[in-house]
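Notes for the structure review
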Amino acid sequence: MVVEDWDALGRIAALIVAQQLHDNPLSVLALPTGKTPLTLYCWLVRMYDEGTVDFSANRTFNLDEFYGIDRDNPGSFAAYMRREFFGHVNLRPENINLLDPLAHDVDAECRCYERKIRDAGGIDLAILGIGQNGHLAFNEPGSPFDSRTRLVRLTPQTIKDNRSFFRDLSEVPHFALTMGLGTIMEARHVLLLASGRRKAKVIARALQGAVTVACPASVLQQHPKLTVVVDKDAAARLLDVGSRSR
Ligand code: GLP
């Protein structure tokens, strides 16, 4: 679906989430961070204030987290989620799952996250942004399609792209914990969001290019239930397949 702008993207995505919660009030959600979903969270908070959505029975799993910083660091995704969403809606704290950025035993932390997702019955709706290099969550190019939750090294481009969450570039962690592509692909419904001209190239590559680990998001072409919401700018390089075949 192509919408006018970033705000419309957030509104439509919020309506898709609301529909999901209406169809299954016990839905398990995988949640993204970054700039893209800010308008989604804004609309969800607005809908919650108006009484049209209720999160009291939902469980959430964040897609990823920087590794090696405190959760109170304003650049952490835990802090972002408190600021933009968790602090404003009625999700129960015990139903919110975040990867521990200071986990000593990283493998145990990642296995535990996978087990919690399984015990919750799997993810009903995974909401995703996309990195300029095609990453999903922090699955950088080269990530296997069957990868699970794990520690990853961030690319220089991703480190630069995340600079705005920190005081300066030197503070951006070089490692992160991320749900794997295999974990994400097991979600029953995937909602991919992208906004702005800087995402136009990667959206075309992910959705209409070759399915390859060089562009991790291309794996979504194989998902049985994928919804894509992009604004006009992010859709600018998508080929009109219908008119091409005429
Ligand atoms: C970040 C996150 C991703 C996000 C992507 C795009 O690094 N780990 O989950 O989708 O990059 O971010 P933005 O929405 O700010 O462009």
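The structure reproduced in this document is the subject of the present report.

Criteria and cut-off values
- Residues numbered from 1 in each chain as written.
- Predicted model: local features only at pLDDT ≥ 70, side-chain atom pairs only at ≥ 80, totals over all residues.
- Heavy atoms only, no water.
- Buried < 20%, exposed > 50% of the residue type's maximum accessible area, 1.4 Å probe, protein only.
- Helix = DSSP H or I, 4+ residues; strand = E, 2+ residues; numbered from the N terminus.
- Contact = heavy atoms within 4.5 Å.
- Near = heavy atom within 4 Å.
- Polar contact = N/O pair within 3.5 Å; in protein donor to acceptor, adjacent residues only side chain to side chain.
- 1 Å grid on protein atoms, 1.4 Å probe; cavity = no way out; pocket = protein on both sides within 12 Å on 5 of 7 lines; lining within 4 Å.
- Sits in = over half its atoms within 2 Å of the grid points.
- Nonpolar A, V, L, I, M, F, W, Y, C, P; charged D, E, K, R; others polar.
- Axes fitted to C-alpha atoms, helices over the stretch in contact; angles between N-to-C directions.
- Parallel < 35°, antiparallel > 145°, perpendicular 65-115°, else oblique.
- Pairing = 2+ DSSP bridges.
- Left-handed = near helix turned anticlockwise from the far one by under 90°.

The next subject is helix 3 (residues 77-84). Along helix 3, the residues that are buried comprise F77, A78, A79, Y80 and M81. Buried residues belonging to helix 3 abut strand 2 (28-31), helix 2 (38-49), strand 3 (59-62) and strand 4 (64-66).

We now examine unusual backbone geometry. Positive phi outside glycine occurs at A137, with the angle close to 50°. Structurally, the position occupied by A137 is in the loop between strand 6 (125-128) and strand 7 (150-153).

As a further point, take the site of the ligand. Taken together, G34, K35, T36, D64, G129, I130, H135, A137, F138, N162, R198 and K199 are the residues near the ligand. The separation between an oxygen atom of the ligand and a polar side-chain atom of K199 is 2.6 Å. Here the ligand is seated within the largest pocket. Partitioned by chemical class, the residues of the shell around the ligand number three nonpolar, five polar and four charged.

Looking now at the packing of helix 2 against helix 3. Following both chains from N to C, one finds helix 2 and helix 3 inclined at 40°, their axes separated by 10 Å at the closest point. One way to sum up the angle between helix 2 and helix 3 is to call them oblique. Contacts between helix 2 and helix 3 involve L38, Y41 and V45 from the first element and Y80, M81 and E84 from the second.

This paragraph deals with the sheet that holds strand 9 (residues 189-194). A sheet is described by the order of its strands in space; here seven strands give the open sequence 1-10-9-6-2-3-5, paired in parallel fashion. With one partner strand each, in any of the chains shown, strand 1 (2-3) and strand 5 (96-97) form the two edges of the open sheet. Sheet analysis places strand 3 next to strand 5, joined by two bridges and oriented parallel. Each residue of the ladder has a partner; that of F61, found in strand 5, is N97.

To continue, consider the packing of helix 1 (residues 6-23) against helix 2. Running from N to C, helix 1 and helix 2 point in directions that differ by 55°, and their axes come no closer than 7 Å. Looking at the two axes, helix 1 sits oblique to helix 2. The hand of the helix 1/helix 2 crossing is right-handed. Between helix 1, through W6, D7, L9, G10, R11, A13, A14, L15, V17 and A18, and helix 2, the contact on the second element is made entirely by L38, T39, L40, W43, L44 and M47. Across the contact of helix 1 with helix 2, the residue classes break down as twelve nonpolar, two polar and two charged.

None of this, on its own, says anything about what the molecule does.
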